[in-house]
Amino acid sequence: AGASGASAAAAAAAEEATATAADIESLISINNQLQLPEAAAGVLAFSRDLGVEPRVSWYEKLGRWSDALAAYDRMSQSAEGGAAGGSIAVRLGSMRCLHALGEWRRLCQLASEAWLDPALDASGGELRAEAARLAAGGAWNLQQWGSMARYVAAMRPDTVETAFFKAVMATHDARLSEARAHIIAA
């Protein structure tokens, strides 16, 4: 009975930690919505005092891109036996961080590796569209026009970003009337 009592106590503690983590995530989101970034960061610091391991999503919500990228890098390295670079979720997370940090070369390298992963086609192509959106920004900043065209073609067609990138490419190619049409569509 002692072992089962200990395991029940451990399960209860784990459930409490999960609830605490969910509560912390909610508090971070609420403070961000109220435009109180210092309060949201304080919630993160408080979570550490509670012994709750911060989630990568918390760093992203707080705009702490370097911390989030470091966490994604750790996750990628610990993905033993998996695909190089870890799961597609980890790759996309890393790409979001690299995009926010303006680390274009590293973003484009990761994007070109991830682009070959069939897991990007899960969720009805939404993952590929997200990767394309991030990668297009990197390709544009590095003036990799061929790569940019490939990524833009995979973006969701009904977004302002897609129209913007199409206008940039048309302008680069001196197709100014086409660029104007994309700008108007945006």
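Here the structure is shown first, and the text comes after it.
All of these numbers come straight from a predicted model, not from anything done at the bench. (Residues numbered from 1 in each chain as written. Predicted model: local features only at pLDDT ≥ 70, side-chain atom pairs only at ≥ 80, totals over all residues. Heavy atoms only, no water.)

Our focus in this paragraph is the packing of aromatic side chains. If you walk through the whole model with that rule in mind, you get 4 aromatic pairs. On the basis of an interplanar angle of 80 degrees and a centroid distance of 6.1 Å, the ring pair of tryptophan 140 and phenylalanine 165 is categorised as edge-to-face. Of this pair, tryptophan 140 sits in helix α7 (residues 126-141) while phenylalanine 165 sits in helix α9 (residues 160-172), placing them 25 residues apart in sequence. On the basis of relative accessible area, tryptophan 140 is assigned to the partly exposed category, the value being 32%. Judged by relative accessible area, which is 5%, phenylalanine 165 ranks as buried. (Phe/Tyr/Trp six-rings, centres within 6.5 Å; stacked < 30°, edge-to-face > 60°. Helix = DSSP H or I, 4+ residues; strand = E, 2+ residues; numbered from the N terminus. Buried < 20%, exposed > 50% of the residue type's maximum accessible area, 1.4 Å probe, protein only.)

We now examine the layout of surface pockets. By volume, the largest pocket is sized at about 170 Å³. When residues of the lining of the largest pocket are traced back to their parent elements, those giving at least two are α4 (65-78), α5 (88-101) and α6 (104-114). Across the lining of the largest pocket, the residue classes break down as 4 nonpolar, 5 polar and 4 charged. (1 Å grid on protein atoms, 1.4 Å probe; cavity = no way out; pocket = protein on both sides within 12 Å on 5 of 7 lines; lining within 4 Å. Points joined across faces, edges and corners; volume = space filled by probe spheres on them. Nonpolar A, V, L, I, M, F, W, Y, C, P; charged D, E, K, R; others polar.)

In this section: the pattern of salt bridges. In a structure, side chains of opposite charge can pair up when their charged atoms sit close to one another. Scanning the entire structure with this criterion turns up 13 salt bridges. Here aspartate 158 makes a salt bridge to arginine 156, at a shortest N to O gap of 3.7 Å. Taking the relative accessible area as the measure of exposure, arginine 156 reaches 39% and is therefore partly exposed. A single network of salt bridges, built from pairs that share partners, joins Glu25, Arg55 and Lys61. (Salt bridge = Lys/Arg side-chain N within 4 Å of Asp/Glu carboxyl O.)

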